[in-house]
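For reference, the chains in residue letters:
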Amino acid sequence: MNFAKCLKKSSMALAGSAIALAIPFSLVAASDTSPAPSDAFDLGFWKITLPTDRNNDKKPDDISVSELQGFTHSDFFFLDDEGRLVFAAPNKAPTTANSTNTRSELRQMLRGTNTRIGTHEPGNNFAVEARKSSDKFGAVGGKLEATLRVDHVSTNAGDPSKRPAFSAVVGQIHALKYKSTRSGFGYGNEPIKIYYKKFPEHETGSVFWTYERNLAKDDPNRSDLAVPVFGYTWDNDEDPGANGIALGEDFSYTINVHRNTMYLTFHNERLGTIQQTRSLIRGADAKDNPYAYGGDSLYFKAGIYNQCSTRTGTSSWYAGCPGTGDWEQDKADGNYAQASFSHLAVGPSTPPE
């Protein structure tokens, strides 16, 4: 099923159904006087994971595509006074099974509201053109466009030297995990994560992206290769100054996976436009999977993925960031991440200009 077919089916389903939510506590459906994000943004092909646990199962809450229409959360997912879509996530909250980081993050759902297609089935995900049976996927390639500003990243970290300290991810492509990885794919890695990182004492922060070598979790070469955009990467602790992006300053990104290549465009009114590319069917270097992500099932994610984990330990991902689990307290203490989007759109890929 292609993207256009999914779009048509999803639009028909949404137009012909009345969606009612029965969500307790702070998870509420928007009223007529409180516009919902779906009133201003097309959320017909997204679900969201929130840093909440409404049924006390110690897992973050997932709000489905149909539930998301007309849905808002006053703390973590809402429209601000300027009509921007706000995502927020405290340092301490329930996390997904394979992560120690909290998130208020959308997950692309190419099936729209057609739940007869499973979340992990090809029809709900995209692939590169070279992948075997790529025509069975919901789309071949795809494009994610966003304009946003990062409002806040955690100002505290137990170990400020750890790479993820003071940072958040605002967009990514994720690969599905397969039950069997004998094909050399299905490790559940990320060909791109777009980071914003700002040290508390710095004037501005850095925007950069990472490519994860597509290898098994226990492979010592499985690591992220960082590419600078505005400012530095996470390995440079200097203040980027005028070359960086300040909190509250707009920038945009486009991830355009066309045929077998990932075309990236970043823009800031002050710093201009930067374009970069990365093949998704040839390894990034000699240590990478030689076919990169050529055999994977892929999907976009966007929002705020707080990288300031409260976990401590020897892992480079555990920054030991403080948090109480009480949102009002953690917000007052600066122990959270937040971004506001003025534009967010997902759709078919386009040929590079």
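What you see is a predicted model, and the numbers here were worked out from it, not measured in a lab.

## Examining the packing of aromatic side chains
Phase 1: Counted under the stated rule, the structure contains 12 aromatic pairs.
Phase 2: Centre to centre, the rings of Phe76 and Trp327 are 4.8 Å apart; their planes meet at 70 degrees, and the pair counts as edge-to-face. Of the two residues, Phe76 sits in the loop between strand E4 (71-73) and strand E5 (77-79) while Trp327 sits in helix H4 (residues 327-332), which places them 251 residues apart along the sequence.
Phase 3: Note on Trp327: relative accessible area 10%, which makes it buried.
Phase 4: Clustering of aromatic rings is evident, with ring pairs tying together Phe71, Phe77, Phe87 and Phe341.
Phase 5: Here the guanidinium or amino end of Arg103 rests over the ring plane of Tyr305, the centre of that ring lying 4.0 Å away.
Phase 6: One residue, Arg311, lies across the ring of Tyr318, its end atom 5.1 Å from the ring centre.

## Here we look at the confidence of the model for the chain
Phase 1: Predicted confidence across the chain gives a mean pLDDT of 92, with 91% of residues reaching 70 or more.
Phase 2: The low-confidence segment residues 1-32 (pLDDT under 50) makes 57 contacts with residues lying over four places distant or belonging to another chain.

## Description of the nonpolar core
Phase 1: Ranked by size, the top nonpolar core spans 60 residues in total, and within it Val170, Trp209, Tyr253, Ile255 and Phe341 carry the most contacts.
Phase 2: In terms of residue count, strand E19 (residues 336-347) provides more of this core than any other element does, 6 residues in total.
Phase 3: Those residues in contact with Val170 that sit more than four places away from it in its chain are Leu148, Val150, Ile194, Phe251, Tyr253, Ala302, Gly303, Ile304, Ala339 and Phe341.
Phase 4: Grouped together as the second largest cluster of nonpolar side chains are 7 residues, Ala157, Ala165, Cys308 and Cys321 included.

## Things to note about the state of the cysteines
Phase 1: Applying the stated criterion across every chain yields a total of 1 disulfide.
Phase 2: Two residues share a disulfide in this structure: Cys308 and Cys321, whose sulfurs sit 1.8 Å from each other. An S-S torsion of about -70 degrees defines the bridge between Cys308 and Cys321 as left-handed. Of this pair, Cys308 sits in the loop between strand E18 (298-306) and H4 while Cys321 sits in the loop between E18 and H4, placing them 13 residues apart in sequence.
Phase 3: Exposure remark for Cys308: the relative accessible area of 2% places this residue in the buried category.

Calculation notes
Residues numbered from 1 in each chain as written. Predicted model: local features only at pLDDT ≥ 70, side-chain atom pairs only at ≥ 80, totals over all residues. Heavy atoms only, no water. Phe/Tyr/Trp six-rings, centres within 6.5 Å; stacked < 30°, edge-to-face > 60°. Helix = DSSP H or I, 4+ residues; strand = E, 2+ residues; numbered from the N terminus. Buried < 20%, exposed > 50% of the residue type's maximum accessible area, 1.4 Å probe, protein only. Lys NZ or Arg CZ within 6 Å of the ring centre and 35° of its normal. pLDDT = per-residue confidence, 0-100. Contact = heavy atoms within 4.5 Å. Core = buried A, V, L, I, M, F, W, Y, C linked by side-chain atoms within 4.5 Å. Disulfide = S-S within 2.5 Å.

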